[in-house]
Amino acid sequence: MSITKKQWLAGGIGFIIAVSIGILKYEQVKTPATPGTGDTTATTTLPITAATSTTSASAYTGPFPINAADAIVLGSFKGAYVGNEALTAQANADIAHLNGLMGKGQYDDYDLYNGLANDYSLLGDGKAAYQNYNRAIAIHPKKGLAYVNLAHLMDILGARYTAADAYAKATTIEAGMLEYHIERLDYLTRVFPTDNVRITAAFTAVSTQFGDTAPILAIEAKWLTEQGRYADAVKAWETVKMLSPGKDTTSIDIEIARLRTKQ
C-alpha cells in the first residue's frame, strides 16, 4: 500500500516526519460493501487504556464505537512501513519524539495524538492507532480531523460501516471543511456505490453547505456514470466545466462526448 493523500502538518514540531499530523490515507482496492443499514445506533465498544496526557485522560469518555455491522480485529496488519527498516525506525523515533512533547503545552495534544496514531497506522498497529485517534477525539470532540483519520484506519481494517460513521461525524461537526466531504464521498461511492439513499444524503449535505463545487460534482459524475445514469452524468460534467474557467477541460469534453454515445 502507498500513501496517496497529502499531509497537513503542524508546523515546527522538531523533526516530525511527513506522516505525523494530518490525514493519513492508503491507496487500496476494496470489494464494495453490500448496501444495508449498518450505520445505525447499534454499536459495540472496545476497551481503551488511559491516555498518558492528564488533559486527555480527564476528558476521555470512551472510544468512537465500532459499528455492530463490522467484525474486525484491532491487531496487527501490514502497514505501509512494514518491511522497511529505515522507515520503521523513523516512525518509532517520531513516536518517541511526540510522546516527549505530550502534555507540555507547546503543542496541542490533539495534534500529537493524531500524529502518534498515524505513525502506528504506518507501522501496522491497529489497536494503538485506534486508541490514539480516540484520545485526540476526547480532547476536541468537535474537530473533524481525528474522525477522518479514524475512518481511513477503519477502511484499511475492513470496518466499512464504522468508517462511514466516522466520515459522517466529521462532516457533521465541521460541515465547513470541504476536504472532509470529498473524503466521505470518495469513500461512499467506492464502498457503497449502490446505496443511493446514503450517497444522495451525503451529496445533499455538501451541496447545502457549499452549493455547486467542481470537486464534488466530479465525484458525482463518476458515480452517476457507474450507475448508468449517463444523461445526469453529462449534466454534472457540464457544470464542472463551467466551474473551471481558464483550466484545460479537454478530458471533460472527451468524457461528455463518450457518455452522449451511451444515452
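For the structure, see preceding data.
Remember, predicted model here, so these are calculated numbers, not experimental data.

## A short note on the overall build of the protein chain
Part 1: For the protein chain, the helix and strand inventory stands at eleven helices and four strands.
Part 2: Taking all 263 residues of the protein chain together, the buried fraction comes to 48%.
Part 3: Relative to all contacts within the protein chain whose residues are 6 or more apart in sequence, the contacts with residues 24 or more apart total 66%.
Part 4: Just so you have it, the protein chain exposes about 12200 Å², and 54% of that area is on carbon and sulfur atoms.

## Observations concerning helix α7 (residues 178-191)
Part 1: Here α7 spans 20 Å end to end across 14 residues, near enough to the 20 Å set by a 1.5 Å rise per residue.
Part 2: Every buried residue of α7 is listed here: Y180, H181, I182, E183, R184, L185, Y187, L188, T189 and V191.
Part 3: Close packing links the buried residues of α7 with α5 (145-157), α6 (160-173), α8 (196-210) and α9 (214-226).

## A few points about the packing of aromatic side chains
Part 1: Tallied over the full model, the rule gives five aromatic pairs.
Part 2: Aromatic side chains F203 and W223 sit 5.8 Å apart centroid to centroid with 35° between the ring planes, which places their arrangement in the tilted category. On the criterion of sequence distance, the pair formed by F203 in helix α8 and W223 in helix α9 is long-range, its members being 20 residues apart. There is no split in this pair, since F203 and W223 are both buried.
Part 3: The structure contains a cluster of three or more aromatic residues connected by ring pairs, namely Y161, Y167, Y187 and F192.
Part 4: The positively charged end of K143 is found above the aromatic ring belonging to Y110, 5.2 Å away from the centroid.
Part 5: Above the face of the F192 ring, R198 is positioned so that its terminal group lies 4.2 Å from the ring centre.

## What about the packing of helix α4 (residues 126-139) against α5?
Part 1: Here α4 crosses α5 at 160°, and the two axes come no closer than 9 Å. Classed by the angle they form, the pair α4 and α5 counts as roughly antiparallel. Read as a crossing pair, α4 and α5 show a hand that is left-handed. For the pair formed by α4 and α5, the contact residues are G126, A129, Y130, Y133, N134, A136 and I137 on the first element and A146, Y147, N149, L150, L153 and M154 on the second.
Part 2: When its residues are assigned to classes, the contact of α4 with α5 shows ten nonpolar, three polar and no charged.

## Topic: the packing of α5 against α6
Part 1: Running from amino to carboxyl end, α5 crosses α6 at an angle of 165°, the nearest separation of the two axes being 8 Å. Comparing the axis directions of α5 and α6 gives the class roughly antiparallel. As α5 packs across α6, the resulting crossing turns out to be left-handed. Residue-level contacts link Y147, V148, L150, A151, H152, M154 and D155 of α5 to T162, A163, A166, Y167, K169, A170 and I173 of α6.
Part 2: Counted by class, the contact of α5 with α6 contains ten nonpolar, two polar and two charged residues.

Conventions adopted
- Residues numbered from 1 in each chain as written.
- Predicted model: local features only at pLDDT ≥ 70, side-chain atom pairs only at ≥ 80, totals over all residues.
- Heavy atoms only, no water.
- Helix = DSSP H or I, 4+ residues; strand = E, 2+ residues; numbered from the N terminus.
- Buried < 20%, exposed > 50% of the residue type's maximum accessible area, 1.4 Å probe, protein only.
- Contact = heavy atoms within 4.5 Å.
- Areas by Shrake-Rupley, 256 points an atom, 1.4 Å probe, with all protein chains shown as cover.
- Expected span 1.5 Å × (residues − 1).
- Phe/Tyr/Trp six-rings, centres within 6.5 Å; stacked < 30°, edge-to-face > 60°.
- Lys NZ or Arg CZ within 6 Å of the ring centre and 35° of its normal.
- Axes fitted to C-alpha atoms, helices over the stretch in contact; angles between N-to-C directions.
- Parallel < 35°, antiparallel > 145°, perpendicular 65-115°, else oblique.
- Left-handed = near helix turned anticlockwise from the far one by under 90°.
- Nonpolar A, V, L, I, M, F, W, Y, C, P; charged D, E, K, R; others polar.

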